[in-house]
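In case you want the letters, here they are:
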Amino acid sequence: MKFTLAAGSMAALIASAASADITVTLTNQTFAGFNFNQFVDYTTTNIVGTLTGASINVTLDASTSFTYADDLCVYVDVLPLSTGGLLQIGGYSNLLAAQRYSWPNGGSSAPGTTSVGTVNLTSALAFSGNAAVDGTVWIGNGYGAAGSGSGSGSGRDGAPRRGWPRCPPSSSLIDRPDSSTSFPRGIQQWVPRGVFRASRFSYIPSMPSATAPIRPKPLIPRLAPLAAMLLVAAATTGCARHRPIETEASLLARRERLATRNNEVISDLTAKLLDRVRSEHEAKERQGIQDPPTCDILVISGGGDFGAFGAGFLKGWGSVREGGLPRPQFEIVSGVSTGALIAPFAYLGDDRDIDDVVHLYTNPRPDWVRERGLLYFLPANESFAEVPGLERELRTAIDAARIARIAEQGKLGRMLVVNTTDLDDGSPRAFELSRVAIRATETGDPSRLHKLLLASSGIPGAFPPREIDGGLYVDGGVTGNILYGGRLRRDQSIGALWARSAPDLPKARMRYWVILNNWLITPPKTTQPKWVDVISRSVDLAVRSSTVTGLRHLLTIAELENLRGDFSVEVRIVAIPPAWRPPVEGVFKEETMRDLARVGEELGRDPNAWLGEIPE
């Protein structure tokens, strides 16, 4: 049978055929957040069949506060309606159903956005006619969040088999509290709303169904105190996605394979890099330029929304001319977390690339980070939030043309490297993206490159982890907020390899340019004795302290190599000025990010902004 939402009034019919249809028509139907209508009423209809999939064709006419077209939700649950049902298709908020699917498109709140496509269920749902066992079908708005708004729309999908009168007002899955129920204050703010045009959902049963009209009725609201919500949290721990458990022996074997592969990659890339440095040096000699062979390495740290500083600094640095430490073409660009997102633009280095990354960091979108809703804290969730907007912006900015340019530069011996954290192995893992870009260009599939960038910037717990090559990866800042080759043995360093491979040429010069998207010295701050404040401050201090330790290590390496005399090392560091403070509270705030980009651009123009040591 097929379940169809189409233009006109709401309607439904179950035909007595092996592929019978249920047809429901929507015209300017409004659904507030977590408001659902019951469309299969077992008091009047006996449904027997198997649900194997669903399709949608819906248009959103209007919306406020990020209600999207794909928030139109089909939900199957036994009575009384509550979270933890049998099936959820569509809707941003996680209702903790046994099966959950998203519509393939429609991720926008812009008027006129359509969501069209099909979802096939991994496990079919059997309907035996027993509502207490099968569950019943509801349609509504699957997005609810504090301060979220409303949406409206209608739609068309062929000719409905039978029209119905306008559907009565619906009720909320988590309604406003009455005098007898105590709710936390935040729940009272759940007010998203949606009015939609047609949607089509297809049910394919395994046996004929009885013919009878389905008369929708308002759902039965279920009000629960906070204690019940906590009970749900405890009871749904087992709903999380589970990965197969590997033995320690298997994981150790994986570690050895990765180490062998990484050494092969490093050897290959280093050889190409040395050839590049040699060629550039010989070209300069032919021009009468007496500069030593030079390898410029740009290191961009993590820092979340403070990455706006690094983007702005690169722009200002581009205006510096000869005699004032101009921005070179880097042989190696490394990035971690937000630095990983900036790194591809810095690697390419054209003015247009730098302008694009500045634009990205000064125009944050509200859906860059979206909380999972009221129950975001449940252990079944992979993270507190999702990043649909950031994923969209990344795919747009790092498109096929830009990836092809990265691949071309990689073939010339330049390196683009990002750091990630391999949770299974418990170690950092660096990925060389120019090789990934070459592969993406050959196959036409950029998904791995995008996934690696999202992994490097995936704040653990807050943003979703990424599964890559069988391992689970999160933010590289967990294991190293700057990537500078500190884990390499001395005989593996570029300078040492140069000394061995080119004994007839002058000593190589390594120049590290470090952009720290944060303060070098932590500003003092009164911390309240609350677990959220304590954890937030502690994590911030841990990452910043490890970053400073890494910088001190890099400076020590430079000092030792300069004393040994095989090659020279220069280290320059720039950071957010110690006197700067965010103009507004919160993260990913446009005012703060624009101000940081401005500060960065001003410092970038000043050659004296570079530091050669870490202030005490």
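In what follows, the structure referred to is the one given above.
Residues numbered from 1 in each chain as written. Predicted model: local features only at pLDDT ≥ 70, side-chain atom pairs only at ≥ 80, totals over all residues. Heavy atoms only, no water.

### Side note on the packing of aromatic side chains
Any pair of aromatic rings gets described here by the distance separating the centres and the angle formed by the planes.
Then, in step 1: Under the criterion given, the structure shown has 14 aromatic pairs.
Then, in step 2: Measuring from centroid to centroid gives 5.5 Å for Phe306 and Trp580, while their planes differ by 85°, and the two rings are edge-to-face. One end of the pair, Phe306, is in the loop between β18 (294–300) and α4 (307–317); the other, Trp580, is in the loop between β27 (568–576) and α13 (590–604), and 274 residues separate them in sequence.
Then, in step 3: Classification of Phe306 by relative accessible area gives buried; the value is 10%.
Then, in step 4: Linked through ring pairs, Phe309, Phe313, Trp317, Phe330, Trp513 and Trp610 together constitute an aromatic cluster.
Then, in step 5: Between the NZ or CZ atom of Arg414 and the centre of the ring of Tyr347, over which it lies, the distance is 4.3 Å. (Phe/Tyr/Trp six-rings, centres within 6.5 Å; stacked < 30°, edge-to-face > 60°. Helix = DSSP H or I, 4+ residues; strand = E, 2+ residues; numbered from the N terminus. Buried < 20%, exposed > 50% of the residue type's maximum accessible area, 1.4 Å probe, protein only. Lys NZ or Arg CZ within 6 Å of the ring centre and 35° of its normal.)

### Looking at the packing of helix α3 (residues 248–286) against helix α11 (residues 494–501)
Then, in step 1: Look at α3 against α11: their axes get within 11 Å of each other, and the N-to-C directions meet at 65°. Between α3 and α11, the interaxial angle falls into the category roughly perpendicular. For the pair α3 and α11, the crossing hand works out as right-handed. Facing Thr270, Leu273, Leu274, Val277 and Arg278 of α3, the residues of α11 in contact are Ile494, Leu497, Trp498 and Ser501. (Axes fitted to C-alpha atoms, helices over the stretch in contact; angles between N-to-C directions. Parallel < 35°, antiparallel > 145°, perpendicular 65-115°, else oblique. Left-handed = near helix turned anticlockwise from the far one by under 90°. Contact = heavy atoms within 4.5 Å.)

### Regarding the pairing of β18
Then, in step 1: Counted residue by residue, β18 has seven buried out of seven residues, so it is predominantly covered.
Then, in step 2: Of the two faces of β18, the one holding Thr294, Asp296, Leu298 and Ile300 and the one holding Cys295, Ile297 and Val299 are both buried throughout.
Then, in step 3: Here β18 pairs with strand β26 (residues 509–519) via seven bridges, running parallel. Looking at β26, one finds that Thr294 is bridged to Arg509.
Then, in step 4: Judged from the four bridges that link them, β18 and strand β19 (residues 332–336) form a sheet pairing that is parallel. Bridge pairing in β19 places Leu298 opposite Val333.
Then, in step 5: Once you follow β18 into α4 and on to β19, the crossover reads as right-handed. (Pairing = 2+ DSSP bridges. Right-handed = clockwise from strand over helix to strand, strands pointing away.)

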